[in-house]
Amino acid sequence: MRGTTKPISLHRRLIIDLMHASRDVPFVSLARTIHIGPLLEARAAAVRPPGFAAIFVKAFALVARDEPVLRTLYVKWPWPCFYELPRSVATVTIARVEHGEDCVLPQRISGPETMTLAEIDAVIRQGKEAPVEDVAMFRKIMRATRLPLPLRRFAWWVGLRFGRQRANWFGNFSVTSVAACGGGQLLALSPGPFIVNYDVIQPDQTLAILIRWDHRVTDGAMMARTAIRLEQVLNGEIAAELKAGTPCGRGPAEAVPGFPAARQKFTVAGEPQR
């Protein structure tokens with residue numbers, strides 16, 4: 001059968017490079033259903049409720065603040081060792097349409113445990129709606145993606161082998177979801193070491209989450225405790241911030257500089273803000 005040869009777009013090239021970088025990470029998964037009734041009640045009463053991606057970014061960062069292993073990377077250079085970050089660096093999978101093509105780009109959020117939900121939400125919204133050249137993380141990673149293959153592989157090699165560079169490029173955890181597309185357990189890949197996926201909310205106020213982690217860094221018992229603590233933080237600290245009103249209800253003047261805060265709708269890995 002005679003087919004049609006098509007060039008690989010720049011954005012698909014990025015995914016190919018990302019999958020190449022993730023191929024050796026020994027991921028293990030833990031699925032858990034959590035009850036988030038208090039969180040949902042607090043979010044429903046908020047004047048400007050943040051998206052669930054922002055909520056999960058801050059919740060996991062708060063858990064990682066008290067659990068150093070969740071801020072730990074496995075690096076191979078100059079010799080195999082663990083590299084503990086002083087604070088969390090999150091990446092959020094942002095779904096966009098560029099030049100008529102669906103694509104995903106990683107938005108970086110440094111120190112989300114010290115930010116308000118409104119600030120995290122604004123960074124994610126910027127990643128969805130601002131031009132690619134206006135988002136620092138997008139500029140950085142697309143600049144590397146434009147390099148010829150040998151130089152790209154070298155750039156990724158440097159980014160993955162050294163703890164500081166690995167933290168700058170990929171952070172210690174990622175948040176993704178396909179809730180708006182019907183939901184499901186997304187077995188995502190990443191250079192690691194932790195990936196949090198959340199499903200659609202059920203009528204009984206439960207939510208299925210899936211945590212994937214680099215088994216070289218920690219084990220299942222630790223991740224089971226992390227899932228329990230994550231539920232507690234969602235219904236505790238996060239719900240309390242939503243109820244307080246002020247942190248989550250900041251006005252347009254306090255959004256990301258240079259970004260039109262009046263534009264509220266965005267998609268994070270397929271999830272529209274509700």
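Refer to the structure presented above.
Keep in mind it's a predicted model, so treat the numbers as computed, not measured.

## Digging into the overall build of the chain
Link 1 in the chain: Check the secondary structure of the chain and you find 8 helices and 10 strands.
Link 2 in the chain: Scored against the burial criterion, the 274 residues of the chain give a buried share of 51%.
Link 3 in the chain: Considering only residue pairs separated by 6 or more positions, the chain has 68% of its internal contacts joining residues 24 or more positions apart.
Link 4 in the chain: Accessible surface computed for the chain: about 12800 Å², of which carbon and sulfur atoms make up 57%.

## Digging into the nonpolar core
Link 1 in the chain: By size, the foremost hydrophobic cluster in this structure holds 65 residues, and its most contacted members are Phe56, Leu70, Ile109, Ile209, Leu234 and Ile238.
Link 2 in the chain: Top element by residues in this core is helix α3 (residues 52-66). It accounts for 12 residues.
Link 3 in the chain: Leave out the neighbours within four places in its chain, and Leu234 touches Ile34, Ile36, Leu39, Ile55, Phe56, Ala59 and Ala239.

## Remarks on the pattern of salt bridges
Link 1 in the chain: Scanning the model with the defined rule gives 10 salt bridges in all.
Link 2 in the chain: One salt bridge in this structure joins Asp24 and Arg23, with 3.9 Å as the shortest N-O distance.
Link 3 in the chain: Residue classification places Asp24 among the partly exposed positions, given a relative accessible area of 46%.
Link 4 in the chain: Overall, Arg23 belongs to the exposed group, its relative accessible area being 53%.
Link 5 in the chain: A single salt-bridge network, built from bridges that share partners, covers Asp17, Arg152 and Arg153.

## Brief notes about unusual backbone geometry
Link 1 in the chain: Residue Pro78 follows Trp77 across a cis peptide bond; omega there is 5°.
Link 2 in the chain: Examined against the element boundaries, Pro78 turns out to sit in the loop between β2 (72-75) and β3 (81-84).
Link 3 in the chain: The omega torsion of the bond from Gly192 to Pro193 falls at -10°, within 30 degrees of zero and hence cis.
Link 4 in the chain: As for its placement among the helices and strands, Pro193 is situated in the loop between β6 (173-176) and β7 (194-201).
Link 5 in the chain: A positive phi angle is found at His99, which is not glycine, with a value near 55°.
Link 6 in the chain: Among the structural elements, His99 can be located in the loop between β4 (89-98) and β5 (101-110).
Link 7 in the chain: Even without a glycine there, the phi angle at Gln205 is positive, about 65°.
Link 8 in the chain: Note that Gln205 resides in the loop between β7 and β8 (206-214).
Link 9 in the chain: Classification of Gln205 by relative accessible area gives partly exposed; the value is 28%.

The rules behind each value
Residues numbered from 1 in each chain as written. Predicted model: local features only at pLDDT ≥ 70, side-chain atom pairs only at ≥ 80, totals over all residues. Heavy atoms only, no water. Helix = DSSP H or I, 4+ residues; strand = E, 2+ residues; numbered from the N terminus. Buried < 20%, exposed > 50% of the residue type's maximum accessible area, 1.4 Å probe, protein only. Contact = heavy atoms within 4.5 Å. Areas by Shrake-Rupley, 256 points an atom, 1.4 Å probe, with all protein chains shown as cover. Core = buried A, V, L, I, M, F, W, Y, C linked by side-chain atoms within 4.5 Å. Salt bridge = Lys/Arg side-chain N within 4 Å of Asp/Glu carboxyl O.

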